[in-house]
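Descriptive analysis of the structure
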Amino acid sequence: YISVILPLAVRKAFTYLVPTKLETQIQFGIRVEVPFGKNKLYAALVIETDSVAPEDYKAKPIISIIDQVPIIDEKQLQLWQWLSAYYACTLGEVMNAALPSAFKINSETRIMASSVFDEFYEGLTDKEYMIAQALKHQKELSIKEVQKILQQKTVYPLIKNLLEKKIIFVKEEMQQKYKAKTVTCVRLAEPYRSNSSKLDDAFKLCSRSNRQVEALMAYIQLSREQKSIRKQDIYEKATVDSTVLNALVKKKIFEYYDKEVSRLNVYEDTVEDIKELTPQQTQACTAIREGFANKKVTLLHGVTGSGKTRVYAELIQEHLQRNEQVLYLIPEIALTTQLTKRMQKVFGDRVAVYHSRLNNNERIELWQAVLQGKPLIMAARSGLFLPFSNLKLIIVDESHDGSFKQFDPAPRYNARDAAIYMSRLHDANIILGTATPSIESYFNAKSEKYTLVEMKERFGGIQLPKILVVDAKVEMKKRQMQSHFTSVLIHEMEETLKRGEQIILFQNRRGYAPILKCLTCTWKQECIHCDVSLTYHKYTNNMRCHYCGYHHRILPACPKCGDPQLTLRGFGTEKIEDELQIYLPKAKISRMDFDTVKSKQAHSMIINDFEEKRIDVLVGTQMVTKGLDFDNVGLVGVLNADSLWQFPDFRSSERAFQMMTQVSGRAGRKQRQGKVIIQTFDPSHPIIREVLNYDFNSFYQRELLERQSFKYPPYFRVIKLTLKHPKAQLLNEATRFFVTKLVQLLGSRVLGPSVPHVPRVRNY
Ligand code: ADP
Ligand code: ZN
Ligand code: ZN
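**Focus: the coordination of the zinc ion (ligand 3)**
Note on the zinc ion (ligand 3): its protein donors are Cys 527 (SG), Cys 530 (SG), Cys 545 (SG) and Cys 548 (SG). The metal-donor distances range over 2.2 to 2.4 Å. Given four donor atoms and angles of 101 to 116 degrees at the metal, the environment of the zinc ion (ligand 3) is assigned as tetrahedral. For the zinc ion (ligand 3), all donor residues lie on one chain, and their spacing in sequence is C-x2-C-x14-C-x2-C. Each member of the pair Cys 545 and Cys 548 is classed as buried.

**Some remarks on the coordination of the zinc ion (ligand 2)**
The coordination sphere of the zinc ion (ligand 2), as far as protein atoms go, consists of Cys 518 (SG), Cys 521 (SG), Cys 558 (SG) and Cys 561 (SG), spread over 2.3 to 2.4 Å. Every donor residue of the zinc ion (ligand 2) comes from the same chain, spaced as C-x2-C-x36-C-x2-C. Here Cys 521 is found in the loop between strand 21 (515–518) and strand 22 (535–537), whereas its partner Cys 561 is found in the loop between strand 24 (551–552) and strand 25 (566–569), with 40 residues between them in sequence. With relative accessibility at 19%, the residue Cys 521 sits in the buried group. Taking the relative accessible area as the measure of exposure, Cys 561 reaches 37% and is therefore partly exposed.

**Let's talk about the pattern of salt bridges**
With the rule as written, the count across this model stands at 33 salt bridges. Measuring nitrogen to oxygen at the nearest pair gives 3.7 Å for the salt bridge that ties Arg 707 to Glu 440. Separated by 267 residues along the polypeptide, Arg 707 in helix 23 (residues 696–709) and Glu 440 in helix 15 (residues 439–446) bring together distant segments of the chain. Take Arg 707 and Glu 440: they sit in the same class, and that class is buried. For the salt bridge of Glu 690 with Arg 702, the shortest nitrogen-to-oxygen distance reads 2.8 Å. Taken together, the residues span a long stretch of sequence, with Glu 690 in helix 22 (residues 686–692) and Arg 702 in helix 23 at a distance of 12 residues.

**With respect to the layout of surface pockets**
Its volume calculated, the second largest pocket comes out at about 1,100 Å³. Every residue lining the second largest pocket is counted, 42 residues in all, and those nearest its centre are Lys 275, Thr 309, Arg 342, Asp 629 and Lys 670. Counting only elements with at least two residues in the lining of the second largest pocket, the list comes to helix 11 (308–321), helix 12 (333–347) and helix 19 (602–611). Of the residues that constitute the lining of the second largest pocket, the class distribution is 11 nonpolar, 12 polar and 19 charged.

How each quantity is defined
Residues numbered from 1 in each chain as written. Chains lettered and ligands numbered in written order. Predicted model: local features only at pLDDT ≥ 70, side-chain atom pairs only at ≥ 80, totals over all residues. Heavy atoms only, no water. Donors = N, O, S within 2.8 Å, 3.2 Å for Na, K, Ca; no water. Tetrahedral: all angles 85-135°; square planar, octahedral: opposite > 155°, others 65-115°. Buried < 20%, exposed > 50% of the residue type's maximum accessible area, 1.4 Å probe, protein only. Helix = DSSP H or I, 4+ residues; strand = E, 2+ residues; numbered from the N terminus. Salt bridge = Lys/Arg side-chain N within 4 Å of Asp/Glu carboxyl O. 1 Å grid on protein atoms, 1.4 Å probe; cavity = no way out; pocket = protein on both sides within 12 Å on 5 of 7 lines; lining within 4 Å. Points joined across faces, edges and corners; volume = space filled by probe spheres on them. Nonpolar A, V, L, I, M, F, W, Y, C, P; charged D, E, K, R; others polar.

Treat this as a map of the structure, not an account of what it does.
See the structure below:
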């Protein structure tokens, strides 16, 4: 008997029977094909090879063995077990998050849009409509995806209906998804390959064709420099085409063969010498090494532009010299392009990058590369799941960042904390680096649980940017505002452009305007699935829901009272980009937000254009606040600071402080001191003063007091329970019942229940 993990949210491991003839092939960490439920097949992962027969059910036999070698090791399983225990989810859910999808083969049904179906939505229920919509964007959906979209387990009746309405069809598949990429290469046929003295004969055989002789010569030359020679190489070298090569193959001088090639980006640029450390960086490195020696987590608190990256490079170097592996975690794609380029400049091909935009095949290749000891992996949070064999250093860069946390689906984990657990598992060193530590990390450092290392000066002795706060209320009263820009901001932008410097404008909302309303009867255009107003997007000229993706055309008049004049309220990045052009007619303005970086390349193109000064003003959402390093930014503008702390979350102040400080940190990094303008309607808010003075300490003290009096981390642990259901009344009753039970057990430690900020999302 063996125990396996199924890729499902089932509570425990399941036991299966191994037929005698398969017994010798069973080992820890391989996948086996098993039946589960009525007639489903899954690839399950073996985690115990000598289990006993289960008492409460009859173990079914496994069907086949999928792997000859294990795909995970004991340490990986330990990490999964910790995640499953600490974040209260099943091992199957952790496995689903951890394994690249090509490893998760199973006989899941997939549905596809039928080709006859063409927008005839009449007669569809809301849910059917949602699936039909989803299939317009995605060629096919698995049952799991359908369940996720509808947020319900039972989807068969709905799928049956859609089938009957001829909107979808079903596709069954059970196949290994991964295919290695190959190129056709050319080599000498025998006997020439193993006996070069016979080559003369080959030349004689083709002596009547100059072009064949040239191709053969080209091959011989190329074979001195490279191991494998692609058809393409010969075409280029000898300027011949396929007819010539085919002729040589026919004469049995050459033969073709397929060679597997890597899909991972190979770094081809030059590798530069690593720069000298500054005295501050040398000190930091020394202090960090001491922290490592004490086996403690190290928090590197360095102001923006202090050169933390250079410190990481130093420590990475030391570990690589000892042939150890390093995992460099970054919050999300927004940071990867620039940072990976910087690291590749130093470490060349030893760097590999793992992020959400890799396709399946690239993921598998990276997985294999890590297994074979790839030295430096730069990765988003899922990098934790890679199969490291000799991991000795983990860097969590921008460790305060909220996107280290996965909210949905399970495991709902914080990669920063999981990385700390992982470092113990591997006996590896770990650094959390940031200019704006999270309250929890800083608290741990202050209470000496972590080693605290600080860098207070910017590289090159440049002063931190000067921050100005502008009271938008006053300017509004005096009618000085132009659109959403204060006169101070407009003036400073003009001055900055005159000096040939660049500008970053930060507005934490995408789209054109978040509200379309009728001023006569107060009607607002809202999402039909969620309790939020739809955002107007000028580029696509429609109204969109930022929660579920629902979109709708613009109505010509108010549907309630018929007033033909509907008014847009509020503003997002699209509107800023649009209207700024009126005030800065000559400036080249670009935008970086979720809508403009959808494609794999778009994001790095914007960053590249900005680096090379083809863009003067970059307008963006929180994407522009993170870790970017530009030389020539003279001014940063925060358009609506208030919106940063006005949302109901105990961490909203912390986020606001971090975002303002981080975006300010993009200014004046190289030549001269930069400037920051913060527009707010509430200039007396304490956060504004603290950001203004770079006073992390006051902020930290004030925040700690609040956290303590309201029973929040780091003094208390919080578990958030979310209940959802399509029927509001049922949900309310269930919640009341549930809370009563909880209060009996936990008393005043239960907070709530309360209706969320957005009560209904995707009809739940
Ligand atoms: P941080 O990540 O702390 O905000 P960076 O690591 O991006 O700061 O460094 C800020 C800038 O200073 C970068 O452009 C970097 O290349 C430069 N820099 C940092 N340290 C050095 C050094 N020792 N020698 C030369 N340039 C450095
Ligand atoms: Zn109206
Ligand atoms: Zn919606």
